[in-house]
Amino acid sequence: MVTSIESHTADELHQPILQPNPPPPSEPPSAAAAYQPTSELEKVLSSTHLPLFKRLRLASWIELRLLFRLAGPAVMVYLINNSMSVSTRIFSGHLGNLELAAASLGNQGIQLFAYGLMVLSWVVVYKIGAGLIGASLVLSLSWWIIVGAQFIYILVSHKCKATWTGFRMEAFSGLWEFVKLSSASAVMLCLETWYMQILVLVAGLLPDPELALDALSVCLAINGLLFMVSVGFNAAASVRVGNELGAGNPKSAAFSVLVVNLVSFVIAVIEAMVVLSLRNVISYAFTSGETVADAVSELCPFLAVTLILNGVQPVLSGVAVGCGWQAFVAYVNVGCYYFVGLPIGCVLGFKFGLGAKGIWSGMIGGTVMQTSILIWTTYRTDWNKEVEKAKNRLKKWDVINEPLLKDSADADQEADLNGASQ
């Protein structure tokens, strides 16, 4: 009896967790049924014939190819956009320390998400002499240029014809579900972003606020620039996890989460090491003041810890978006950032007289707590259940997808015919 049980258990251990279940031939194929576990990555991970090491090696190579095809362009775009925004602070900082502090408050508050054009900023600030106001106006103008260019690209690009066929009434179907999901995403991201901005505003209440704001501005500018690398991996994680769940590939989804977090973490550690090695000179890109340089040097260890945390936290947020956990993460952000991190930072900064270092310590505490919760939640995730949830969501869109997919196919066919005729 024991031998038969052990034999049966051993057989089960050598079977793939997920077996393809093709739909019955009598039923018409649906959008959900079209997403079956047929990906190359899922086949490798489910294989019982390959040795474990070879299976991991092949799976890693497949995932890294997919990951960097998504993350590479996203990282470059985010870095370029953010570096343009940072240029506004750089030009303002070389006008003077007071202007750097003012630019920091402006960027963190009113001009939170705007992008600047570097050359135009230089002309407006120095040649025209518009100073800080000119830098802010250029920052806003660049926003509209980017938005307009993206809209025109969507209208005229052949690559977008399969994903957007124009305005139609079907777009309003299921709008409430979309509003709920997108609202949760907006709240989740805003709570994270506002957390940083509120800390900068709080630093303006410290003794010698100009120095505190200058030091925080430089460190947060560097953090924001390098944070864009993690944001690129955040976008890649959202796409990869969402695609694999929709395709019915739980092992691929889980493996993608592991790989993208590992890659982003390694890059973040390298960034932290570079920042620490340049801690005594890194502020001179923003201002020539030695006092500010000393203050930035003292904050750089805190900045390095933040960079390492940012190697994991944004990626886990991307996983949350891919799984549809935005509302849960929003609650986590409220608790960790505003009920833990912000109060601790204020107590350390004002009550214990630690200043900017105390405020940043509170920020790190909130981020550590949030990251720990997300790691535990991701670790405890049943990816087979997430696949079922994704299939159920797809079923709701079957009726809507059919005419939209038909129009997309017609648009592709028409474009091919036009291309052939030319």
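None of the values given here were measured: they were computed from a predicted structure.

*Asks:* Help me understand the overall build of the protein, please; the structure alone is not making it clear to me.
*Replies:* A tally of regular secondary structure across the protein gives 16 helices and zero strands. For the protein, buried positions account for 43% of its 422 residues. Residue pairs at least 24 apart in sequence account for 81% of intrachain contacts in the protein once pairs closer than 6 positions are excluded. About 22500 Å² of surface is accessible on the protein, with carbon and sulfur atoms providing 69% of the total.

*Asks:* Where do I start with a nonpolar patch on the surface in this structure?
*Replies:* Where nonpolar side chains cluster on the molecular surface, the patch consists of F151, I152, Y153, I154, L155, V156, W164 and F167 and spans about 840 Å² of accessible area. Here F151 shows up in helix α7 (residues 131-156). Taking relative accessible area as the criterion, F151 reaches 45% and is therefore assigned partly exposed.

*Asks:* Could you clarify how one ought to interpret the pattern of salt bridges in this entry?
*Replies:* Close approach of charged atoms lets side chains of opposite charge pair. In the structure shown here, the tally under the stated rule is four salt bridges. Between R240 and E244 there is a salt bridge whose closest N-O contact spans 2.9 Å. With a gap of four residues between them, R240 and E244 both fall in helix α9 (residues 209-246), about one helical turn apart. A single burial state applies to R240 and to E244, both of which are buried. Salt-bridge contacts for E386 lead to K389; the nearest nitrogen and oxygen are separated by 3.6 Å. In this pair, E386 and K389 are both assigned in helix α15 (residues 383-396), three residues apart and thus about one turn of the helix distant. What you see here is one network of salt bridges that share partners, running through E63, R240 and E244.

*Asks:* Can you walk me through helix α13 (residues 326-351) in this structure?
*Replies:* Because an α-helix completes one turn every 3.6 residues, residues spaced three or four positions apart along the sequence face the same direction. Over its 26 residues, α13 extends 35 Å from the first C-alpha to the last, a length consistent with the 38 Å expected when each residue adds 1.5 Å. On its buried face, α13 sits against α8 (175-203), α12 (313-323) and α14 (356-379). A positive backbone phi angle near 70° is found at G353, which sits one or two residues after α13.

*Asks:* Can you walk me through unusual backbone geometry in this structure?
*Replies:* A negative phi holds for most residues other than glycine; trans holds for most peptide bonds. The phi angle at D208 is positive, at roughly 55°, despite the residue not being glycine. Within the secondary structure, D208 sits in the loop between α8 and α9.

*Asks:* Please clarify how empty space enclosed by the protein should be interpreted in this entry.
*Replies:* Unoccupied space between atoms shows up once a probe the size of one water molecule is rolled over them. According to the stated counting rule, one finds one cavity of 30 Å³ or more in the structure shown. Of the pockets and cavities examined, the largest cavity occupies roughly 40 Å³. Lining the largest cavity we find L199, L216, L220, I359, W360 and M363. At the level of secondary structure, the elements contributing two or more residues to the lining of the largest cavity comprise α9 and α14. It is α14 that contributes the most residues to the lining of the largest cavity, three residues altogether. Here the residues of the lining of the largest cavity are counted per class, giving six nonpolar, no polar and no charged.

*Asks:* Looking at this structure, I do not really get the confidence of the model for the protein. What am I missing?
*Replies:* In regions of low pLDDT, the predicted coordinates are not meant to be interpreted in detail. Summary statistics for the protein give a mean pLDDT of 76 and a share of 72% for residues scoring 70 or more. Confidence scores differ between elements of the protein, with helix α2 (residues 31-34) showing the lowest mean pLDDT of 38 and helix α10 (residues 250-277) the highest of 93. In this model, residues 108-118 is a region of pLDDT below 50 whose contacts with residues beyond four sequence positions or in other chains number 37 contacts.

*Asks:* Looking at this model, I keep getting lost on the nonpolar core. Mind explaining?
*Replies:* Nonpolar side chains in soluble globular proteins generally cluster together in the buried interior. If you look at the biggest cluster of nonpolar residues, it comprises 72 residues, and the most contacted ones within it are L67, F233, L245, V296, V319, W360 and W383. When residues in this core are grouped by element, the largest group, 15 residues, is from α9. Among all residues touching W360, those that are not within four sequence positions of it are L216, C219, L220, F302, L303 and T306.

*Asks:* Help me understand the UniProt feature "transmembrane region" (unreviewed entry) in the protein in this model?
*Replies:* Per the UniProt record, "transmembrane region" (unreviewed entry) is annotated on residues 62-80, 100-125, 132-156, 213-233, 253-278, 299-322 and 328-350. Helix makes up 100% of residues 213-233 and strand 0%, whereas the separation of the span's terminal C-alpha atoms amounts to 29 Å. Structurally, residues 253-278 comprises 96% helix and 0% strand, and the distance from its first C-alpha atom to its last is 38 Å.

*Asks:* Help me understand the packing of α9 against α12 in this model?
*Replies:* A pair of packed helices is captured by two measures, namely the crossing angle of their axes and the spacing between those axes. Between α9 and α12, whose axes approach to 7 Å, the crossing angle comes to 30°. Here α9 is positioned roughly parallel relative to α12, judged by the angle of their axes. In this structure, α9 crosses over α12, and the sense of that crossing is right-handed. Here F227, S230, F233, N234, A237, S238, V241, G242 and L245 of α9 lie close against α12, whose contacting residues are Q313, P314, V315, S317, G318, V319, V321, G322 and C323. The residue inventory of the contact of α9 with α12, partitioned by class, reads ten nonpolar, eight polar and no charged.

*Asks:* Please clarify how the side chain of N234 should be interpreted in this entry.
*Replies:* Secondary-structure assignment places N234 in helix α9. Under the relative-accessibility criterion, N234 is labelled buried at 16%. Sequence-distant contacts of N234, defined by excluding residues within four places in its chain, comprise P314, V315, S317 and G318.

*Asks:* Quick question: what am I supposed to make of the side chain of T378 here?
*Replies:* Counting through the fold element by element, T378 comes out in helix α14. Judged by its relative accessible area of 11%, T378 falls in the buried class. The contact partners of T378, leaving out residues within four places of it in the chain, are V257, L316, W325 and W383.

*Asks:* How do you make sense of the packing of α10 against α12 when you look at a structure like this?
*Replies:* One way to put it is that α10 packs onto α12 with a least axis distance of 9 Å and a crossing angle of 155°. Taken as axis vectors, α10 and α12 run roughly antiparallel relative to one another. Viewed along their axes, α10 and α12 form a crossing whose handedness is right-handed. Mapping the contact onto sequence places V257, V260, N261 and S264 in α10 and V315, L316 and V319 in α12. Residue composition of the contact of α10 with α12, by class: five nonpolar, two polar and no charged.

What counts and what doesn't
- Residues numbered from 1 in each chain as written.
- Predicted model: local features only at pLDDT ≥ 70, side-chain atom pairs only at ≥ 80, totals over all residues.
- Heavy atoms only, no water.
- Helix = DSSP H or I, 4+ residues; strand = E, 2+ residues; numbered from the N terminus.
- Buried < 20%, exposed > 50% of the residue type's maximum accessible area, 1.4 Å probe, protein only.
- Contact = heavy atoms within 4.5 Å.
- Areas by Shrake-Rupley, 256 points an atom, 1.4 Å probe, with all protein chains shown as cover.
- Patch = residues over 30% accessible without salt bridge, like charges linked within 9 Å, V, L, I, M, F, W, Y side chains within 5 Å.
- Salt bridge = Lys/Arg side-chain N within 4 Å of Asp/Glu carboxyl O.
- Expected span 1.5 Å × (residues − 1).
- 1 Å grid on protein atoms, 1.4 Å probe; cavity = no way out; pocket = protein on both sides within 12 Å on 5 of 7 lines; lining within 4 Å.
- Points joined across faces, edges and corners; volume = space filled by probe spheres on them.
- Nonpolar A, V, L, I, M, F, W, Y, C, P; charged D, E, K, R; others polar.
- pLDDT = per-residue confidence, 0-100.
- Core = buried A, V, L, I, M, F, W, Y, C linked by side-chain atoms within 4.5 Å.
- UniProt positions renumbered as here; feature names shortened; annotations may be inferred.
- Axes fitted to C-alpha atoms, helices over the stretch in contact; angles between N-to-C directions.
- Parallel < 35°, antiparallel > 145°, perpendicular 65-115°, else oblique.
- Left-handed = near helix turned anticlockwise from the far one by under 90°.

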